[in-house]
Amino acid sequence: MTDYQTPDVVLQTLEQAIDGVVVLDEDGRVVLFNAAAERLWGYGRDEVLGRDVGLLLPTDVRSRLDTPRSTDAIIGSRSEVPMQRRDGSRRWGSMSISRIEVGGKCFLTAFIKDCTLQRQQREQMDVLSLAANETDNAVIVTDHDGCILYVNGGFSRMFGWTRAQAVGHYPSELLQVPKASAARWRLAGAGLFRGEELVRDLHGHPLWCSVVANPIFDTRGKPTHSVMLLTDITRTKMHEVLQNKVLEALVREEPLVQVMDLVCREVERIAPEVKASILRVDEQGRVHPLAAPSLPQAYSQALEGVLIGPSAGSCGTAAYRGEPVLVSDIARDPLWADYRHLALPLGLLACWSSPIKNSDGRVVGTFAFYYQQCRGPDELHQRLVDLSLHLCALALEREAARAHIRQLAFYDTLTGLPNRALLLAEAEQAIARVEAEDAELAVLFIDLDRFKQINDSLGHPAGDELLRVVAARLQEVVREQGIVGRLSGDEFVVVLPHCGSLLAAQIAERILQRLAIPHSVSGVGLITLASVGISLFPCNGQDMESLLHRADMAMYQAKNSERGSFRFFSEEMNRRAQERMALESALREALANGGLSLHYQPQVRLDDDRVHAVEALARWHHPWLGTIPPNRFIPLAEECGLIGELSQWVLAEACRQLADWRHRAIDVPAVAVNLSPPDFHDPTLPQRIQALLQRHGLSGADLVVEITEGLLLDNNPLTRDTLGAVDALGVRLSLDDFGTGYSSLSYLHHLPISEMKLDRSFVSDLRAGSAAEALTRAVMNIGRSLELMVIAEGVEDEQQLALLREQGCPVAQGYLFSRPLPAGGLEEWLRQRR
Ligand SMILES: Nc1nc2c(ncn2[C@@H]2O[C@@H]3COP(=O)(O)O[C@H]4[C@@H](O)[C@H](n5cnc6c(=O)[nH]c(N)nc65)O[C@@H]4COP(=O)(O)O[C@H]3[C@H]2O)c(=O)[nH]1
C-alpha cells in the first residue's frame, strides 16, 4: 500500500492475520499480500505485489475468473477456490471476498485459508456415502449404545424398512435376531464382531446374513459409533444347508429314496416355484422313480420302467442324450407326445431335466424341475441343479457301491446265489418264523455227482458253466417257495419253509429230474446227477447248523446207496418217503389205466325197508401191492394233487353205473359219492357234475355228494360258492361222519345240507342206556328240528338197528344190510330182497 495512507494498526492486523489476505486493485493487480498469504502460495510478497492475480490461480481457472461477473458472483460469500502455489502444486482455499472503496477507487479484499484437507475429506465422504447407498449390502451406523443413527439404501432394499423407520431402533430388534445372538448385537458398538445370522425382514421372511460390525473410537479410545455391514448370503447359505443336510443323510446311511426325497424337498424350499423329481436309470435304460415329493404318486408310478429314448419326455430324452433337455411347453413339444396326457392334467407345463452321471460318465439318473408355467430355468435353478446333480450322483454311486459290496459279501460271484453267510442268516430267520407258526421247514443238501471228473476232464471254465446251469435250474424249481444258496464247490443248499416230509420229497424228486435234463457244457452233452440229503425242522434239529449237518449226512447216504437219489436224515422218513413215492406212481398208473373200481353199499329206509340210495366207495387192487384201503390212497391222492382226477373218475363211474341200472330197470333211487375238500376249490366242479348228469340222462336228485366236516372249516373262499352251485343243481349234500369233527350246529343251519350221516363210532357203541344212545338220540332230534335226513352208518347188528328204529332214525347203512359190493353184487343183493 504505497500510494495510500493506512493506519499502521490496520496493516499490522492484516499482516498478523491467520488467514491469507490478498487485496487487488481495480485492474486485478495484487496490492496487498500478507505473511499468511506468502505461506499459502509460497511466493514472497515482492514476487506478487503489482502482478496480476492470475499468478495465484491455476491456469485452467484463470480465464473463468477474468470476467467481472465471475468476481461479482463470489463477493460477499465464502467459496472454495482452486489455488496454484509457486511450486506448481494445487490447493484449495476457502475464500471470502469483499469489495471496498477507498478514495473513489475499488479494491477487492480476499481472506483465504487452506481447506484442501477438508475438501479432500469431504469428497471422500461423498464417495463413501454414495457407495454406501448404492451397494446391495446393508450398512447400519449405530451410536455407542447400539441404537441406529443411519441405514443405507441397501438396508431398505434388503429388509424393507425405510431409513426413517429404522433410525432410533436397535438392529437386533428390527431384524428379529434370534435371542441367543441378540446380546452380541447389542454390544456391537463396543467391539468388532463377525458372524452369520438368520434374520427377518419387514415381512418376517427369513434371510441369512453375514454380519461384520466395526466399532469407531474417539481420540481418547472411547467407542462412539459402530458400523455394521450385512450381506445377504441366503442363496449361498441355502446351498450350504442343502449340501450339509444331504451329506449328513449319506453319512447316516439313510436309504437312497430318503436321501433323494430330502434333495427334492430342500430344493423346493429354496425355489418354491419348482417341483423336483429324481429318476434312476438302470443298465437296461429303464427309468425308476426315486423321489418326487410334490408330484402325485400315480404320476411317478406311470413312469416306472419307461425306456429312455430320443423322444421320451424331458427325462427319458435327457438320459438318452446324456445332456440337459429343456421343454418349455409340454403341450406342444414333440418330445412329450407320449407323456403329455400324464403331465398336463396336473398343470405341469414345462420340464427341464438334467442327466445324473456317475464318475465313469454313465447316466445313472435324471434330475428334473417341473414348472406350472411355460418357462425355463433361471440362474438360481441352474445353480441348484448343478449342486444337486453332484449330490445325487454321490448318493447313487454310494448305493451302487453298497450293492456291489453286499453282492461281494453275501453272494456267490459265480452263480449269483446267496453264499454260505447269507444262506445261514436267512435260514435262521426262516426257522424263527416257522417256529412261531408251529410249522415245518426242510433243508435239502445237494451235491453233484462226479463234478470233480467234469472239472478235471473238461476244464474249470466248463465246471463253472455247469455250476451256473445247476444254480439256475435249482432256482427254477424252488422259485418263491424257498432259499437256494451255494455253500462251496459243487454243494448247494435249499431251505424250504412250510415244508413237511412229503413236499420235501416231491421237491427233491423235481430237483433231481430237472438237473438230469441233458444240457451242453463246452459243447459236450451232459446229464447232471446229484445226491440230495434232507433234514427237517423241528424233528431233525432246532437250528440251521444241526439241520445242515444232518442234511449233509443224509446226502452221503444217498450218494452211497444210489446215484441221483435223495435220502432223509431219519430212516423212518426214508421208508415212508419211498413207500409214498412208490404208491403215488402206482396210483397215477391206476388212475390212468383203469386200475380203480367202485363198490356200492346200500342205505336202507327203516320205515319201509326200501333202498334210500347206494354209497359209491372207491376200491384199488394193485397187482403186486394187493388191495390198498381207501383210508390210505385217498389221503395220498389229496396230498399229491391227484384227488381231483380221482373224484372226477368216481363221479363219472357212479353216474355211468346208475344210468346203466336205470337202463336195465334196476331200481336204485340215487348214488352217493364222496368228495374231498380240495374238490370244492375247483370252481368248475358244478359244471362238470352238470355235464355228467346230462350225459347220462340223470337229474340232480339222482346224486348225493358226501362231504366231510373238515370242509366246513375250510376257509378257502371258493368252497362256499362251489357248495352253493352244486346244491343249485338239485344234488343233495350229505354231511359224512357227523359227530367226529368240529361241526358247529350253526354250520348245519347255514349250509345247503340235506342229510347228515351219524358216524359209525356212535352206532358201534350203541346199547340201551349208554352215553352213545343219548348222543344218537340227540342227533336224531337235531335232524328232525333242522329237517335233515339222518343216516346211521356202520349198523352191524339187530340191537343197534332196533335202538335206531326206536329213536326214529330214518335211514341206516352197514354190514347188517350189506357190505360195499361191486355193481354186480349189489344187483344180486337187490334181486334177493325182492
Ligand atoms: N366197520 C364197519 N365199516 C363199515 C360198515 N358199513 C360201511 N363201512 C365202511 O365205512 C366206510 C364208509 O365210508 P365213509 O365213512 O364215507 O369213509 C370212506 C370215505 O371217507 C373214503 N372214501 C372211500 N371212497 C372214496 C371216494 O371215492 N372218494 C373219496 N373222497 N373218499 C372215499 O374212505 C373211507 C373209507 O372207506 P371204506 O374203507 O370203503 O369204508 C366205508 C365202508 O366200507 C359197517 O357196518 N362196519
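As the structure is a computational prediction, the values presented were derived from the model and not from experiment.

A. Expanded view of the overall build of the protein. Check the secondary structure of the protein and you find 32 helices and 32 strands. Within the protein, contacts between residues separated by at least 24 positions form 57% of all contacts whose residues are at least 6 apart in sequence. In the structure as shown, the protein presents an accessible area of about 41,100 Å², 52% of it carried by carbon and sulfur atoms.

B. Representation of the site of the ligand in the model. Taken together, 23 residues form the shell around the ligand, and within it Gln601, Arg619, Asp736, Arg760 and Glu796 come nearest. In this structure, Ala618 approaches the ligand through a main-chain N or O atom, which is 3.0 Å from a nitrogen atom. In the environment of the ligand, an oxygen atom lies 3.3 Å from a nitrogen or oxygen atom belonging to the side chain of Glu793. Its free accessible area being 780 Å², the ligand has 86% of it covered by the protein chains. The element contributing the most residues to the shell around the ligand is strand E24 (residues 611-622), with 4 residues. Looking at the shell around the ligand residue by residue, the class counts come to 9 nonpolar, 6 polar and 8 charged.

C. Fine view of the side chain of Asp679. You can see Asp679 is positioned in the loop between strand E26 (671-674) and helix H25 (685-695). At 6.2 Å, Arg688 is the nearest oppositely charged side chain to Asp679, a buried residue that forms no salt bridge. A polar side-chain atom of Asp679 sits 2.6 Å from a polar atom in the side chain of Ser647. Not counting residues up to four positions away in its chain, the partners in contact with Asp679 are Ile643, Gly644, Ser647 and Leu685.

D. Seen up close, the sheet that holds strand E3 (residues 78-84). Spatially, 5 strands are ordered E2-E1-E5-E4-E3 in an open sheet, and the strand pairing comes out antiparallel. Among the strands making up the open sheet, the edge pair consists of strand E2 (30-33) and E3. For this sheet, the mean inter-axis angle between neighbouring strands, taken without regard to orientation, is 30°. Here 5 bridges tie strand E1 (residues 20-24) to strand E5 (residues 105-114), and the two strands are oriented antiparallel to one another. Directly across from Val22, in E5, lies its bridge partner Ala110. Where helix H6 (residues 116-134) meets the sheet, it contacts E3, strand E4 (90-102) and E5, and its direction lies at approximately 125° from that of E4.

E. Quick peek at the packing of helix H24 (residues 643-663) against H25. Between H24 and H25, whose axes approach to 10 Å, the crossing angle comes to 25°. One finds that H24 runs roughly parallel with respect to H25. Considering the relative orientation of H24 and H25, their crossing is right-handed. Facing H24, whose interface residues are Gln648, Leu651, Ala652 and Cys655, H25 presents Leu685, Arg688, Ile689, Leu692 and Leu693. When grouped by side-chain class, the residues that make up the contact of H24 with H25 number 7 nonpolar, 1 polar and 1 charged.

F. Summary view of helix H18 (residues 451-458). Of the positions making up H18, those classed as buried are Phe451, Ile454 and Asn455. Taken down its axis, H18 places every buried residue within 100° of arc, on the same side. In H18, the exposed positions angled more than 90 degrees off the buried face are occupied by Lys452, Gln453, Asp456 and Ser457. Residues of H18 that are buried in the fold lie against strand E16 (441-448), helix H19 (460-478) and strand E20 (524-526). Backbone geometry just downstream of H18 places Gly459 in the positive-phi region, at approximately 95°.

G. Broad picture of empty space enclosed by the protein. Evaluation of the coordinates by the stated rule reveals 3 cavities of 30 Å³ or more. The volume enclosed by the largest cavity comes to roughly 130 Å³. In this structure, the largest cavity is lined by 13 residues; those nearest its centre are Leu303, Ala312, Gly313, Cys315 and Gly316. Looking at the lining of the largest cavity, the elements that each hand over two or more residues are helix H13 (297-303) and helix H14 (313-321). For the lining of the largest cavity, the element with the highest residue contribution is H14, accounting for 4 residues. A breakdown of the residues in the lining of the largest cavity according to their chemical character gives 10 nonpolar, 3 polar and no charged. Around the second largest cavity sit Ser501, Leu502, Ala505, Phe568, Met573, Arg576, Ala577 and Arg580, which together line it. Secondary-structure elements contributing two or more residues to the lining of the second largest cavity are helix H20 (501-515) and helix H22 (571-593). Ranked by the residues each element gives to the lining of the second largest cavity, the list is headed by H22, at 4 residues. The residue makeup of the lining of the second largest cavity, split by class, is 5 nonpolar, 1 polar and 2 charged.

H. Highlighting the packing of aromatic side chains. In total, this model carries 9 aromatic pairs according to the counting rule given. Pairing Tyr299 with Tyr370 gives two aromatic rings, centres 5.8 Å apart and planes at 90°, and the pair type is edge-to-face. One end of the pair, Tyr299, is in helix H13; the other, Tyr370, is in strand E15 (residues 363-371), with 71 residues separating them in the sequence. For the pair Tyr299 and Tyr370, one class covers both residues: buried. Taken together through their ring pairs, the aromatic side chains of Tyr299, Trp336 and Tyr370 make up a single cluster. The residue whose ring lies beneath Arg119 is Trp92, and the NZ or CZ to ring-centre distance is 3.7 Å. One residue, Arg819, lies across the ring of Tyr815, its end atom 3.8 Å from the ring centre.

I. Geometry of the layout of surface pockets. Counted as a void, the largest pocket has a volume near 1,000 Å³. Among the residues forming the lining of the largest pocket, the class breakdown is 13 nonpolar, 9 polar and 12 charged.

J. Seen up close, the pattern of salt bridges. This structure, assessed with the given rule, holds 41 salt bridges. As a salt-bridge pair, Arg605 and Asp608 come within 2.6 Å of each other at their nearest N and O atoms. Arg605 sits in the partly exposed class, given a relative accessible area of 28%. Connected through shared salt-bridge partners, Glu80, Arg119, Arg122 and Glu123 make up one network.

K. Geometry of the packing of H25 against helix H27 (residues 717-728). Close contact between H25 and H27 brings their axes to 8 Å; oriented N to C, the two are set at 20°. When the axis of H25 is compared with that of H27, the two are roughly parallel. Crossing angle aside, the handedness with which H25 passes H27 is right-handed. The segment H25 lies against H27, with Leu685, Pro686 and Ile689 engaging Thr722, Ala725 and Val726.

L. Local environment of the pairing of E4. In this sheet, E4 lies alongside E3 in antiparallel orientation, the contact comprising 7 bridges. When the bridges of E4 are listed, Arg78 appears paired with Ser96. Hairpin connection of E3 to E4: 5 residues between the antiparallel strands, including Gly88 at a positive phi of 90°. The sheet contact formed by E4 and E5 spans 10 bridges and is antiparallel. From the neighbouring strand, Ser98 faces E5, where its bridge partner is Thr109. Between the end of E4 and the start of E5, which pair antiparallel, lie 2 residues, with Gly103 showing a positive phi angle near 55°.

M. Broad picture of H22. Compared with the 33 Å implied by 1.5 Å per residue over 23 residues, the 33 Å span of H22 between its first and last C-alpha is a close match. Residues Met573, Asn574, Ala577, Leu583, Glu584, Ala586, Leu587, Ala590 and Leu591 constitute the buried set of H22. Positive phi shows up at Gly594, right after H22, with a value of about 70°.

N. Structural detail: the confidence of the model for the protein. Summarising the model, the protein shows a mean pLDDT of 89, and 96% of its residues fall at 70 or more. Mean pLDDT across the elements of the protein ranges from a minimum in helix H5 (residues 68-74), with 61, to a maximum in E26, with 98. Two numbers describe this predicted complex: its pTM, 0.48, and its ipTM, 0.96.

Reading the values: rules and limits
- Residues numbered from 1 in each chain as written.
- Predicted model: local features only at pLDDT ≥ 70, side-chain atom pairs only at ≥ 80, totals over all residues.
- Heavy atoms only, no water.
- Helix = DSSP H or I, 4+ residues; strand = E, 2+ residues; numbered from the N terminus.
- Contact = heavy atoms within 4.5 Å.
- Areas by Shrake-Rupley, 256 points an atom, 1.4 Å probe, with all protein chains shown as cover.
- Near = heavy atom within 4 Å.
- Polar contact = N/O pair within 3.5 Å; in protein donor to acceptor, adjacent residues only side chain to side chain.
- Nonpolar A, V, L, I, M, F, W, Y, C, P; charged D, E, K, R; others polar.
- Buried < 20%, exposed > 50% of the residue type's maximum accessible area, 1.4 Å probe, protein only.
- Lys, Arg positive; Asp, Glu negative; His and termini not counted.
- Salt bridge = Lys/Arg side-chain N within 4 Å of Asp/Glu carboxyl O.
- Pairing = 2+ DSSP bridges.
- Axes fitted to C-alpha atoms, helices over the stretch in contact; angles between N-to-C directions.
- Parallel < 35°, antiparallel > 145°, perpendicular 65-115°, else oblique.
- Left-handed = near helix turned anticlockwise from the far one by under 90°.
- Arc of directions from axis to C-beta.
- 1 Å grid on protein atoms, 1.4 Å probe; cavity = no way out; pocket = protein on both sides within 12 Å on 5 of 7 lines; lining within 4 Å.
- Points joined across faces, edges and corners; volume = space filled by probe spheres on them.
- Phe/Tyr/Trp six-rings, centres within 6.5 Å; stacked < 30°, edge-to-face > 60°.
- Lys NZ or Arg CZ within 6 Å of the ring centre and 35° of its normal.
- Expected span 1.5 Å × (residues − 1).
- pLDDT = per-residue confidence, 0-100.

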